[in-house]
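# Structural description and commentary
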Amino acid sequence: MMTPACYEQRASAEIGACECTVPPAAASIVGTCPYYYRPVCGEPWASVTKVSLASTWEAVKAWARVWKPYEDGESFSTLLRRREKLIEAECTDSDWSRHGNFMMRHIGCGHKPPSYYVSYGYYYCSTFGAELYPRLTSAGQTWLEDARKFLQRNMEKGLSQNMEGNEIALASKRGNGSFRMTVVQFELELEDETFTEFAFKTHPMAYLDAGLGDLPISDLNKIGQQPNLQEWTDGRTWEQAVESGWAVAKKKASNVITAVGEAWDATKAEMGDPVSHALGRLLAN
């Protein structure tokens, strides 16, 4: 790029970028699995497929944290050719994803995309949907689609707020909880654990706002029995999930369970009704 092709000795030049401003996602991709990580050709897609299908959840998390996407030459080159497009606000390029957008904004600066995009976001969005969706009623399928949208809309809101200041504050429009956290402006994506904590805090509101509490018992049971949902949150988000789940559970208590109020007063960790059980399976260790 820097010297004529006829030169036998090529000039070397370092190309780097560190752009912390996160552009908003296009509305057309919000609510889809490629939003988190759209696989392109080469090693990343092969790794995601292999780990997702054949490994334990611990292996998925470990791999996502140590994976160095910039060293996957073929995929990185594929993205790099579209860099100017992929960093635009509301980009609709076929290779755009939150993961790829981060890569194109952070080249050679040492920052890595949040592992959440692959390990929690893409992995669970893909496998959970593929395994559960066909088994749900039409209402359950609508809930699953809406839950994806709420999860990603919440993520977009948090990223946007972090571009404006040091406080992130999100609240449910249906009275299903709220949270506030302090994150240094422009740095939400840069600290892996902080980003994961933020993402987890958005989960209870997303599932409940999408209508988890309105689903028939058959769907709630299927969601509650869904395997391989071992680690969607830590203790702090579990507490929030319990409180949010109980708010919905009280509305359905008359026809799904009796005497749960007394049990709840005794221990808030007890989740005896279908709504709370389903939410717990979605969120709890």
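The following paragraphs examine the structure supplied in this document. All of these numbers come straight from a predicted model, not from anything done at the bench. In this numbering scheme, every chain counts its residues from 1 along its sequence in written order. It should be noted that, the model being predicted, local features are given only for residues of pLDDT at least 70 and side-chain atom pairs only at 80 or more, the latter also being counted only at that level, while totals for whole chains, interfaces and linings use all residues. Hydrogens and water molecules were not included; the side-chain quantities draw on all heavy atoms of the structure.

## Regarding the overall build of the chain
Put simply, DSSP H or I for four residues or longer makes a helix, DSSP E for two residues or longer makes a strand, and each gets a number counted from the N terminus. Within the chain, the secondary structure is distributed over 12 helices and 4 strands. Here the chain holds 285 residues, and 50% of them are scored as buried. Contacts in the chain between residues at least 24 apart in sequence constitute 73% of all its contacts with a sequence separation of at least 6. Summed over its atoms, the accessible surface of the chain is roughly 13,700 Å², and 51% of this surface lies on carbon and sulfur atoms. A 1.4 Å probe rolled over the protein chains alone gives each residue an accessible area, and that area as a share of the maximum for its type sets the label: buried under 20%, exposed over 50%, partly exposed in between. What makes two residues a contact is simply this: any of their non-hydrogen atoms within 4.5 Å. Each accessible area is a Shrake-Rupley estimate made with a 1.4 Å probe; only the visible protein chains count as cover when residues are assessed.

## Thoughts on a positive patch on the surface
For patch building, the residue pool is restricted to those with more than 30% relative accessible area and no salt bridge; the joining distance is 9 Å between like charges and 5 Å between nonpolar side chains (Val, Leu, Ile, Met, Phe, Trp, Tyr). Salt bridge criterion: a side-chain nitrogen from Lys or Arg within 4 Å of a carboxyl oxygen from Asp or Glu. Positive charges are assigned to Lys and Arg, negative charges to Asp and Glu, while His and the chain termini are left out of the count. Here the site of a charge means atom NZ of a Lys, CZ of an Arg, CG of an Asp or CD of a Glu. Taken together, the side chains of Lys149, Arg153, Lys157 and Lys173 make up a positively charged region of the molecular surface. Assignment of secondary structure puts Lys157 in helix H7 (residues 138-164).

## Quick word on the state of the cysteines
In what follows, a disulfide is any cysteine sulfur pair within 2.5 Å. Summed over all chains, the structure comprises 1 disulfide. Sulfur-sulfur distance for the disulfide between Cys33 and Cys125 comes to 2.3 Å. Taking the torsion about the sulfur-sulfur bond, which here is approximately -85°, the covalent link between Cys33 and Cys125 counts as left-handed. Linking Cys33 in the loop between strand E1 (17-18) and helix H1 (43-54) with Cys125 in helix H6 (residues 116-132), this pair joins segments that are 92 residues apart in sequence. Both residues of the pair, Cys33 and Cys125, count as buried. No disulfide involves Cys18; its sulfur sits 3.7 Å from that of Cys109, the nearest cysteine.

## Let's talk about the nonpolar core
Grouping buried Ala, Val, Leu, Ile, Met, Phe, Trp, Tyr and Cys residues that are joined through side-chain atoms within 4.5 Å yields what is termed a nonpolar core. Counting residues in each nonpolar core, the largest one holds 61 residues, and the members touching the most others are Tyr36, Tyr116, Trp143, Met155, Phe198, Leu212 and Ile223. The biggest single contributor to this core is H6, with 10 residues.

## Quick notes on H6
Between its first and last C-alpha, H6 extends only 21 Å over 17 residues, short of the 24 Å set by a 1.5 Å rise per residue. Approximately 35° is the largest bend angle found in H6, and it occurs at Tyr124. With 14 of its 17 residues buried, H6 lies for the most part within the structure. Expected span of a helix, by definition, is 1.5 Å for each gap between consecutive residues, and there is one gap fewer than residues. What we call the bend at a residue is the angle made by axes fitted to the seven residues finishing there and the seven residues starting there.

## Looking at the environment of Phe150
Relative to the helices and strands, Phe150 is located in helix H7. For the pair formed by Phe150 and Thr202, sequence separation is 52 residues and the distance between their alpha carbons is 8.8 Å. Apart from residues no more than four positions distant in its own chain, Phe150 is found in contact with Ala206, Asp209 and Ala210.

## Thoughts on the pairing of strand E4 (residues 178-182)
Every second residue of E4 is oriented toward a common face, the buried set being Phe179 and Met181 and the non-buried set Ser178, Arg180 and Thr182. Paired strands, in this sense, are two strands between which DSSP finds at least two bridges. The pairing of strand E3 (residues 167-171) with E4 spans 5 bridges and is classified as antiparallel. What sits directly across from Ile168, in E4, is Met181. The turn joining E3 and E4, which pair antiparallel and follow one another in sequence, is formed by 6 residues; a positive phi near 75° is taken by Gly175.

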